[in-house]
Amino acid sequence: MISKKEARKEQIERLTKFASTEQKIQEDKILTNKFLNHPLTINANKIGITFSMPLEVNTNPIIEQLWQMKKEVYIPRVLPQRQMEFTLYEPNTKLTKSKFGVYENWEENVKLSSNLDLLVVPGLAFSLDNKSRLGFGGGYYDRYLARHDLTTIALVNSRQKFTQATWPVEEFDISLKNLIIS
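Residues numbered from 1 in each chain as written. Predicted model: local features only at pLDDT ≥ 70, side-chain atom pairs only at ≥ 80, totals over all residues. Heavy atoms only, no water.

1. Quick look at the side chain of Glu85
Along the chain, Glu85 turns up in strand β3 (residues 83-89). A distance of 2.7 Å separates the side chain of Glu85 from the side chain of Arg77, its partner in a polar contact. (Helix = DSSP H or I, 4+ residues; strand = E, 2+ residues; numbered from the N terminus. Polar contact = N/O pair within 3.5 Å; in protein donor to acceptor, adjacent residues only side chain to side chain.)

Have a look at this one:
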């Protein structure tokens, strides 16, 4: 078994090569459709989701559709001590780019929620056997999920899917509850 650091490096290379392919575009469309029609999504009112980076499943069309479905969309913003919280994101929200290159909502009087009905969790790799995930290494989601018992789901393309984890799964790693596979 390789280290998490080495697994991340390999996965980032793998996903970067995959990012500009027609196959990824098609898989993103399939995952978007499956997610928007999933009972967990249909029955949720408050949904947490992040803006995707190019090597992740594209969440922009998902966010647009969630608004059309009259869902409340919450996006994460990072706080000191590797903590995060979720802020309401509406079409007219002014966003600020974080040090990680991710857009966050830092508007005054922004509505916060830790009581999300569904949380879409990003990652580099996901294991099918126990739904463990290899994240980006900051531990933000694991810390958040350790404090909030939420219904979690991940969108998993063919390059993120592993039968079982090839990386070490540690006791502080929080497994997900649901995976949507392309």
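2. Looking at the sheet that holds strand β7 (residues 125-127)
Strand order in the open sheet formed by three strands is β8-β7-β10, and the pairing between neighbours is mixed. Two strands bound the open sheet, and with one partner strand each, they are β8 (133-134) and β10 (161-162). When β7 meets β8, the two strands line up antiparallel, connected through two bridges. In the sheet register, Ala125 faces β8, and the bridge partner there is Leu134. (Pairing = 2+ DSSP bridges.)

3. With respect to helix α2 (residues 22-36)
Here α2 contains 15 residues, and its C-alpha end-to-end distance of 21 Å stays within 8% of the 21 Å for a straight helix at 1.5 Å per residue. Taken together, the buried positions of α2 are Lys24, Glu27, Asp28, Leu31, Thr32, Phe35 and Leu36. Axial view of α2: buried residues confined to an arc of 160°, hence all on one face. (Expected span 1.5 Å × (residues − 1). Buried < 20%, exposed > 50% of the residue type's maximum accessible area, 1.4 Å probe, protein only. Arc of directions from axis to C-beta.)

4. Re the sheet that holds strand β11 (residues 178-181)
Here we have six strands laid out as an open sheet, ordered β3-β2-β1-β6-β9-β11, and mixed in their pairing. In this open sheet, the two edge strands, each paired with only one partner strand, are β3 and β11. If you compare each strand with its neighbour and ignore which way they point, the axes differ by 30° on average. Pairing of strand β1 (residues 46-48) with strand β2 (residues 72-79), which is carried by three bridges, proceeds in the parallel orientation. Note that in β2 the partner of Lys46 across the bridge is Glu72. The sheet strands contacting α2 are β1, β6 (118-120), β9 (152-156) and β11, and the helix crosses β11 at an angle near 135°. Docked against the sheet, helix α4 (residues 60-68) engages β1, β2, β3 and β9, running at close to 135° with respect to β2. (Axes fitted to C-alpha atoms, helices over the stretch in contact; angles between N-to-C directions. Contact = heavy atoms within 4.5 Å.)

5. A look at the pairing of β2
For the crossover from β1 across α4 to β2, the handedness is right-handed. Counting the residues in the hairpin turn of β2 and β3 gives three residues, including Gln81, whose phi is positive at 60°. (Right-handed = clockwise from strand over helix to strand, strands pointing away.)

6. So, the packing of aromatic side chains
Aromatic rings in a pair are described by how distant their centres are and how their planes are angled relative to each other. On inspection of all chains with the given rule, the structure shows six aromatic pairs. Plain terms: the ring middles of Phe51 and Tyr103 are 6.3 Å apart, the flat faces sit at 80° to each other, and that makes the pair edge-to-face. Taken as a pair, Phe51 in the loop between β1 and α4 and Tyr103 in strand β5 (residues 103-104) lie far apart in primary sequence, 52 residues in all. According to the relative accessible area criterion, Tyr103 is partly exposed, its value standing at 39%. (Phe/Tyr/Trp six-rings, centres within 6.5 Å; stacked < 30°, edge-to-face > 60°.)

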